[in-house]
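Given next are the chains, with one letter for each unit.
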Amino acid sequence: MTQERPASPAENGSRELLPAPVKVVNVGLPSFAEELASGGVEVIQVTWSPPAGGDPEIADLVSKLGA
Amino acid sequence: MTEFVLNEVRKQFYLDSVALMRLSRSVTERDGVIEAALMMGTPANRQILTDAGLLTEIGAAAQGNDLIIGIRAETEAGAREALREVFALLDKPRSTGGGESETWKPRTVRGALKLMPEANMALISVPGEFAAAEARKALRRGLNTMIFSDNVPIEQERALKEEARTLQRLVMGPDCGTAIISGVPLAFANRVRPGDIGVIGASGTGIQEITTLISEAGGGISHAIGVGGRDLSQAVGGITTLMAIDALDADAGTRHIVLISKPPHRDVARTVLSRVGRSEKRFTVCFLGASDAELPANAHFAATLRSAAEDALGGRAIGKDFTPPASTPRPGVVAGLYSGGTLCAEAQVILLRHGRRVASNAPAPGAQKLAEADAACDRIVDLGADEYTKGRPHPMIDPSARDEMLRKTLVDPKVAVILVDVVIGYGAHADPAGHIAAIMADAAPNRPAVIASVTGTEDDTQVRSRQIATLQKAGVLVVPSSTHAAELAVTLCRD
């Protein structure tokens, strides 16, 4: 998924950092996704629950390992 | 009075914080229940429950993916009856709202990207302990991220932002309540006109106030980038702010850039202003509470949110047709009951500038801590601060959080003027003005003057003009901006 670094960040950076159209992965409160969808924004809701048995430290470690 | 505390744990049962707050409130409102809270069993939540006297050994053994139900009631029977109601509510099938058909939903960012590979933004509002991990997953898969969650450790914030800089992706937040990217309002934001003014803010309601003032005055917004309240601290070093300046500087659709924050750390301010000076675009710098700032030639300093919006609009005056009411000043102090942290900070800055003594739970430079203040100080309270929102909805979502304090302040003989903010838009309550009006209806004729500003636009679902009309009908003095509100408060008070 990671795109190649742009040759000229000053020119290409704004397009990558400020994309249009915005397409959202919503991780958390479903109401945010509902409001985006009602405004015509493409959004996908992640049905999230605490990973790693609910242990924040292990969840952090797992994310660093790329899982 | 004897009290009984009852805990129950549901293993591996997750509900989001808004749903849990609704349930908590519904149980608390039962007769015989003194307090109740439903929370996921993370270490931070267990501490909150301990502080509230709602945790027993049963709850203390819960894990982060377990749900703790804590009930304090007048009797054991009352607590058990309330628990039965909680079970009934938890086991009731939940509607997805709006009759949406049940479709399969991914459980991870990776799963979501299989369904929507072209996604480019992750909006993260999971409990703070887990937010950095989710943001890291999103960044590494090429997404920009907006972290609405708070309580993310600052060292995690720094590490995430360093990684994001390497990956050339944006991390907005943590504790980022507002952003508008390419016209799309994310989390708490307003429907504003598109235009050529870009905003970068370490402050949610500051961004909302400036973008809505610009929009209502006929200007428009290209992007509004929230950076999180700590981005300009020494520990984080302004990483997102600098990336946001780079992005807006390179963005052909942005002509003018507004920076809004409380005063940054000195070294960070120097770095940021040096970057501003290398741009060919015009900047407005609003570091609320800063006494001065050495600015490059392409930047103007704005001392208030209104003047920041006016500067971005090329000097167009906001609220020039507003005539302050010809009221006689009353003796007493100003009491501010704010839902927006930056609006609370701005009020303090304005009152201090007029030589008033100010105290706050979130003191601006020059203000005292609320706990140390005497009765002659103006008391400007941020009701969205942690001490008021732990385990409770933010007052912008649920304005009843302000009700009790407003009722008490309306009968406080030492108070001459009450300042309230009404923040509307996405995520906000459907009718915050109606809440204030309902309380005002019971107030005595000799009550303090009540001044309000409405942060929002005509295009917001709550409709700015309707909110204003509701407030005016209730006898509230409604002014064109948060800046006007604090300025009017000064003129309506005398010592």
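Not measured: the values here are computed from a predicted model.

Draft legend 1. Quick look at the overall build of chain B. For chain B, the helix and strand inventory stands at 17 helices and 22 strands. Taken against the 2.2 N^0.38 rule, which gives 23 Å for 495 residues, the C-alpha radius of gyration of chain B at 23 Å falls within 12% of a compact globule. On the principal axes, the C-alpha backbone points of chain B span a range of 65 × 60 × 45 Å. Split into buried and exposed, the 495 residues of chain B put 56% on the buried side.

Draft legend 2. Looking closely at the pattern of salt bridges. Scanning the entire structure with this criterion turns up 30 salt bridges over all chains. A salt bridge links K23 of chain A to E118 of chain B, with the shortest nitrogen-to-oxygen separation between them at 3.8 Å. Note that K23 of chain A is positioned in the loop between α1 (9-17) and β1 (24-27) and E118 of chain B in the loop between α5 (109-115) and β4 (121-124), a pairing that runs across two chains. Given a relative accessible area of 38%, E118 of chain B falls into the partly exposed group. A single salt-bridge network, built from bridges that share partners, covers E157, K161, R230 and D231 of chain B.

Draft legend 3. Expanded view of the packing of aromatic side chains. Evaluated as defined, the whole model comprises 5 aromatic pairs over all chains. Between W48 of chain A and Y14 of chain B, the ring centres sit 5.1 Å apart and the planes meet at 75°, which makes this aromatic pair edge-to-face. In this pair, W48 of chain A sits in the loop between β2 (43-46) and α3 (56-64) while Y14 of chain B sits in the loop between β1 (4-10) and α1 (17-28), so the two residues belong to two different chains. Judged by centre distance (5.6 Å) and plane angle (65°), the ring pair of W48 of chain A and F130 of chain B falls under edge-to-face. Of this pair, W48 of chain A sits in the loop between β2 and α3 while F130 of chain B is found in helix α6 (residues 128-140), placing the two residues in two different chains. We classify W48 of chain A as buried; its relative accessible area is 6%. Residue F130 of chain B is classed as buried on the basis of its relative accessible area of 0%. Taken together, the ring pairs in this structure connect F32 of chain A together with F148 and F188 of chain B into an aromatic cluster.

Draft legend 4. Quick peek at the nonpolar core. All names here are of chain B. Core analysis: the biggest nonpolar cluster contains 89 residues, and M172, L186, V199, I225 and I451 have the highest contact counts within it. The dominant element in this core, judged by the number of residues it contributes, is helix α9 (residues 239-250), at 7 residues. Once you skip the residues sitting within four places of it in the chain, V199 turns out to touch I207, I210, T211, I221, H223, A224, I225, L248, V258 and I260. Core analysis: the second largest hydrophobic core is formed by 27 residues, V333, C377, I436 and V454 among them.

Draft legend 5. Quick peek at the confidence of the model for chain B. When pLDDT is averaged across chain B, the result is 92; 97% of the residues are at 70 or more. Scored below 50 in pLDDT, residues 95-102 of chain B makes 3 contacts in the model with residues more than four places away or belonging to other chains.

Draft legend 6. The arrangement of the side chain of T205 of chain B in detail. All names here are of chain B. Its location among the elements puts T205 in helix α8 (residues 204-216). Here T205 falls in the buried class, since its relative accessible area comes to 5%. Those residues in contact with T205 that lie beyond four places of it in its chain are G340, G341, T342, L343, M396 and V423.

Draft legend 7. Fine view of the environment of V411 of chain B. You can see V411 of chain B is positioned in the loop between α14 (400-410) and β19 (415-423). Between the C-alpha atoms of V411 of chain B and N446 of chain B, which are 35 residues apart in sequence, the distance is 8.8 Å.

Draft legend 8. Highlighting the packing of α8 of chain B against helix α11 (residues 305-312) of chain B. Residues and elements named next belong to chain B. Axis separation between α8 and α11 bottoms out at 9 Å; the angle between their running directions is 45°. Of the possible angle classes, the one that applies to α8 and α11 is oblique. As α8 packs across α11, the resulting crossing turns out to be right-handed. Only L305, R306, A308, A309 and A312 of α11 make contact with α8, whose side of the interface consists of G206, E209, I210, L213 and I214. Grouping the amino acids of the contact of α8 with α11 by side-chain chemistry returns 7 nonpolar, 1 polar and 2 charged.

Draft legend 9. Up close: the interface of chain B and chain A. Chain B puts 65 residues into the contact, and the matching count from chain A is 49 residues. Between chain B and chain A, a total of about 5000 Å² is buried, with carbon and sulfur atoms accounting for 63% of that surface. Scanning the region where chain B abuts chain A turns up 15 residue pairs in polar contact (both at pLDDT 80 or more). Considering only residue class, the side of chain B that touches chain A consists of 37 nonpolar, 16 polar and 12 charged.

Draft legend 10. Here's a closer look at the environment of F130 of chain B. For the pair formed by F130 of chain B and V152 of chain B, sequence separation is 22 residues and the distance between their alpha carbons is 8.1 Å. Excluding anything up to four places from it in sequence, F130 of chain B contacts W48, P50, P51, G54, D55, P56 and A59 of chain A together with T42 of chain B.

Draft legend 11. Focus on the domain arrangement of chain B. Considered domain by domain, chain B is made up of domain 1 (4-91), domain 2 (109-175), domain 3 (192-318) and domain 4 (330-494). Centre-to-centre separation of domain 1 of chain B and domain 3 of chain B, based on C-alpha positions: 43 Å.

Draft legend 12. Summary view of the pairing of β4 of chain B. Burial along β4 of chain B is two-sided: the face carrying M121 and L123 of chain B and the face carrying A122 and I124 of chain B are both buried. Handedness of the crossover joining β4 of chain B and strand β5 (residues 144-147) of chain B through α6 of chain B: right-handed.

Draft legend 13. Spotlight on helix α2 (residues 30-38) of chain A. Of all the residues in α2 of chain A, the buried ones are F32, A33 and L36 of chain A. Taken end-on, α2 of chain A shows its buried residues confined to a sector of 95°, consistent with a single buried face. Buried residues belonging to α2 of chain A abut β1 and β2 of chain A together with β4 and β8 (184-187) of chain B. G40 of chain A, located one to two residues past α2 of chain A, shows a positive phi value of around 85°.

Thresholds applied
- Residues numbered from 1 in each chain as written.
- Chains lettered and ligands numbered in written order.
- Predicted model: local features only at pLDDT ≥ 70, side-chain atom pairs only at ≥ 80, totals over all residues.
- Heavy atoms only, no water.
- Helix = DSSP H or I, 4+ residues; strand = E, 2+ residues; numbered from the N terminus.
- Rg over C-alpha atoms; globule rule 2.2 N^0.38 Å.
- Buried < 20%, exposed > 50% of the residue type's maximum accessible area, 1.4 Å probe, protein only.
- Salt bridge = Lys/Arg side-chain N within 4 Å of Asp/Glu carboxyl O.
- Phe/Tyr/Trp six-rings, centres within 6.5 Å; stacked < 30°, edge-to-face > 60°.
- Core = buried A, V, L, I, M, F, W, Y, C linked by side-chain atoms within 4.5 Å.
- Contact = heavy atoms within 4.5 Å.
- pLDDT = per-residue confidence, 0-100.
- Axes fitted to C-alpha atoms, helices over the stretch in contact; angles between N-to-C directions.
- Parallel < 35°, antiparallel > 145°, perpendicular 65-115°, else oblique.
- Left-handed = near helix turned anticlockwise from the far one by under 90°.
- Nonpolar A, V, L, I, M, F, W, Y, C, P; charged D, E, K, R; others polar.
- Buried area = accessible area lost by both parts, 1.4 Å probe.
- Polar contact = N/O pair within 3.5 Å; in protein donor to acceptor, adjacent residues only side chain to side chain.
- Domains from an automatic or database assignment.
- Right-handed = clockwise from strand over helix to strand, strands pointing away.
- Arc of directions from axis to C-beta.

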